[in-house]
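One letter stands for each residue in the lines below.
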Amino acid sequence: MQLSLINVHPAVGNKKKNLKKMRKALDDLQADMAVFGELTATGYTCRDEFRDLAEPLDGPTVQAVQDMAADYDTSIVYGMPLEERTGLIHNASIMVHPDGEVQVYRKAFLPTFGPFEERFYFTPGDALPVYDTPHGTIGMCICYDLFFPELLKGMALKGADMVICISASPSISREYFEKVLPARAIENTVFVAYANLVGTQENLVFWGGSQIYSPRGDLIGRAAYNEEDAVTVDVDPDLIAEARAARPTLRDTRPELFADLYRIARAEPLHHDIAAVGVSMGRYAAERMTVAAVEVHGPDELVDGVMYATACPREQISVEPGEEISATFSSDDDALTLTLKPSVRRLMEQGVDPAMLSAVEAEGLFDVSA
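As the structure is a prediction and not an experimental result, all values here were calculated from the model. The numbering scheme is per chain: residues are counted from 1 as the chain's sequence reads. Selection of residues for local features in this predicted model requires a pLDDT of at least 70, selection of side-chain atom pairs for listing and counting requires 80 or more, and totals for whole chains, interfaces and linings are taken over all residues. The basis for every side-chain value is the complete set of non-hydrogen atoms in the structure, without hydrogens or water.

A. A look at the side chain of Thr137. Among the secondary structure elements, Thr137 is positioned in strand S7 (residues 136–142). To sort residues, take the accessible area from a 1.4 Å probe on protein chains only and compare it with the maximum for the residue type: under 20% means buried, over 50% means exposed, and anything in between is partly exposed. Look at Thr137 and you get buried, because its relative accessible area is 17%. Here Asp132 takes part through its side chain, which lies 3.1 Å from a polar atom of the side chain of Thr137. Pairs of residues are marked as contacts when any of their non-hydrogen atoms sit within 4.5 Å. In contact with Thr137, other than residues within four places in its own chain, are Val130, Tyr131, Asp132, Gly159, Ala160, Asp161 and Met162. Each helix is a run of H or I in the DSSP string that is no shorter than four residues. Each strand is a run of E no shorter than two, and both are numbered from the N terminus. A 3.5 Å cut-off defines polar contacts: any pair of N or O atoms within that distance qualifies, except that in protein one atom must be a possible hydrogen donor and the other a possible acceptor, and neighbouring residues in sequence count only when both atoms are side-chain atoms.

Written as structure tokens, this is what we have:
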């Protein structure tokens, strides 16, 4: 496959001009696939304008790129704000083929630190699509996604032989990207293709340097830094088999460690979800007695839920830290102890939404003793 990676400098908020720029770039290329950077269709620093610039998959921007793909007999990957429901906007990578087929990836990790404000405007994606295309099995990601190795690992395990990353990386990030790109290629034995914006948008200066790495992490080609440019390379699929024979990282991947990673990552959110358990406990007790005092075993967040559900004053609630999650509710002449079942706690550790607790009978959640 002949693959072209293109540095472009899009105009902020001007889709018509940016589509013309994409078409002009294709005039000078002969490639099976052409890749442009993140949010090429609109520019990166649109802020509140994204709400007006976003379009659905059947909107005029995708249709214009479908026409380009047909005219040049080239698959095209580019970035745009994608609206799938009113007011719900994704930062998306769109892959369009000459036959009109459209495939999409929604950015999973939205940087909101320093000069980046993506969570103010976009909804994160929650899927790892991998697509069978005329050019091989391809996954896509966007810019900051690249710093989360589990994302590309998931795509490789689902069959991707290439991951295409479109980007809007400013110059202050260049060093990090050029270290991470070959690492992602080596650890997943996939081609990693990267297309970056170039030029200045407000206070951000994008460095271009679109580039591609082999499954062994070798640099195959790179476009110029800090100017509009393109690089076209021949992607040899035979390199994949060679790399996987030499360093079988996919074969040796251990899925049980990913389960542990998930549980570790869930540990702190689980701590906060315990408040929902306290609410369920408190409601169960309040329906059966006027709660005068509570003895809680577990984290402080359990107290927050108990107080909310029972209106018992904080000074009437004692806390004993420990692994067990339970509460003993007392009235003037009665007492009731609720203990979270170990099976329910395991489900919460695995990511079950605590809001689902309200749909389950208390006896299914707690061991109850009077």
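Alright, that's what it looks like, and here's the rest.
B. Main features of the sheet that holds strand S9 (residues 191–196). Pairing in this open sheet of six strands is mixed, and the strands run S6-S7-S8-S9-S12-S13 from one edge to the other. On the outer flanks of this sheet lie strand S6 (130–133) and strand S13 (219–222), each paired with one strand and no other. With direction set aside, neighbouring strand axes in the sheet form an average angle of 20°. Any two strands between which DSSP finds at least two bridges are classified as paired. With six bridges joining them, strand S8 (residues 162–167) and S9 adopt parallel strand pairing. When the sheet's bridge partners are listed, Val163 is paired in S9 with Val192. Helix axes are fitted only over the stretch in contact, all axes being lines through C-alpha atoms; the angle between N-to-C directions runs from 0 to 180 degrees.

C. Expanded view of a nonpolar patch on the surface. Side chains of Leu157, Phe258 and Leu261 sit close together on the surface and give an oily, nonpolar patch of about 260 Å² of accessible area. Position of Leu261 among the secondary structure elements: in helix H7 (residues 255–286). What makes Leu261 partly exposed here is its relative accessible area of 42%. What goes into a patch is any residue over 30% in relative accessible area without a salt bridge, connected to like charges within 9 Å or, for nonpolar side chains (Val, Leu, Ile, Met, Phe, Trp, Tyr), within 5 Å. Note on areas: Shrake-Rupley, 1.4 Å probe, and residue coverage restricted to the protein chains presented here. By convention in these notes, a salt bridge is any Lys or Arg side-chain nitrogen within 4 Å of a carboxyl oxygen on Asp or Glu.

D. A look at the nonpolar core. Grouped together as the largest cluster of nonpolar side chains are 45 residues, with contacts concentrated most on Leu3, Met33, Val35, Cys141, Met162, Ile164 and Ile212. Excluding residues that lie within four positions of it along the chain, Met33 makes contacts with Met1, Gln2, Leu3, Ser4, Thr74, Ser75, Val77, Met95, His135, Ile138 and Ile164. In this structure, Ile6, Leu26, Ala69 and Met80 belong to the second largest nonpolar core, which totals 37 residues. Side-chain atoms within 4.5 Å are what join buried Ala, Val, Leu, Ile, Met, Phe, Trp, Tyr and Cys residues into a set we call a nonpolar core.

E. Representation of the pattern of salt bridges. Under the criterion given, the structure shown has 17 salt bridges. The partner of Glu178 in a salt bridge is Arg174, and the shortest N-O contact between them spans 3.3 Å. Linking Glu178 with Arg174, this pair stays in helix H5 (residues 174–188), spanning four residues, or about one helical turn. Classification of Glu178 as buried rests on a relative accessible area of 18%.

F. Structural detail: empty space enclosed by the protein. Of the grid points, spaced at 1 Å and generated over the protein atoms alone, those admitting a 1.4 Å probe that cannot get out make up cavities, while open sets with protein on both sides within 12 Å along at least five of seven lines make up pockets; any residue with an atom within 4 Å of a point is treated as lining. Grid points are joined across faces, edges and corners, and a volume is the space filled by probe spheres set on the points. This model, assessed by the stated rule, comprises one cavity of 30 Å³ or more. Computed from the structure, the largest cavity encloses a volume of approximately 130 Å³. Lining the largest cavity are 13 residues; nearest its centre among them are Tyr44, Thr45, Pro115, Glu117 and Tyr121. Gly is put with the polar residues, along with every residue not named as nonpolar or charged; the nonpolar set is Ala, Val, Leu, Ile, Met, Phe, Trp, Tyr, Cys and Pro, and the charged set is Asp, Glu, Lys and Arg. Its residues assigned to classes, the lining of the largest cavity comprises eight nonpolar, two polar and three charged.

G. Just the packing of aromatic side chains, in detail. Aromatic contacts are taken between Phe, Tyr and Trp rings whose centres are within 6.5 Å, Trp giving its six-membered ring; a plane angle under 30 degrees counts as stacked, one over 60 as edge-to-face, and the others as tilted. Throughout the structure, instances matching the rule amount to 13 aromatic pairs. When the ring of Phe113 is compared with that of Phe116, the centres are 5.4 Å apart and the planes differ by 70°; the resulting orientation is edge-to-face. Here Phe113 falls in the partly exposed class, since its relative accessible area comes to 42%. Where Phe120 meets Tyr121, the ring centres are 6.2 Å apart and the plane angle is 85°; that geometry is what we call edge-to-face. Through successive ring pairs, a cluster of aromatic residues spans Phe109, Phe113, Phe116, Tyr144, Phe147, Phe148, Phe177, Tyr194, Trp207 and Tyr225. Any Lys NZ or Arg CZ found within 6 Å of a ring centre and within 35 degrees of that ring's normal is scored as a charge over the ring. Here the basic side chain of Arg174 rests over the ring of Tyr225, its NZ or CZ set 3.6 Å away from the ring centre.

H. Summary view of the sheet that holds strand S2 (residues 33–35). An order of S5-S4-S3-S2-S1-S14 is seen for the six strands of this open sheet, with the pairing classed as mixed. Since the sheet does not close on itself, it has two edges, and those belong to strand S5 (102–106) and strand S14 (229–234), each with one partner. Pairs of neighbouring strands in the sheet enclose a mean axial angle of 35°, with direction left out of account. Looking at chain direction, strand S4 (residues 88–96) and S5 are connected through five bridges and run antiparallel. Within S5, the residue paired with Ser93 across the bridge is Tyr105. Contacting strand S3 (75–85), S4 and S5, helix H3 (residues 60–72) crosses the sheet at an angle of about 165° to S3.

I. Looking closely at the pairing of S7. Most of S7 sits out of view: six of its seven residues are buried. As paired elements, S6 and S7 share four bridges and run antiparallel to each other. The residue bridging Val130 from the neighbouring strand is Gly139, located in S7. Count of turn residues in the S6/S7 antiparallel hairpin: two residues. Of the strand pairs in this sheet, S7 and S8 are connected by five bridges, and their pairing is parallel. The residue of S8 that forms the bridge with Met140 is Ile164. Look down the strands so they point away from you; if going from the first strand over the helix to the second traces a clockwise path, that crossover is right-handed. For the segment spanning S7, helix H4 (residues 149–157) and S8, crossover handedness is right-handed.

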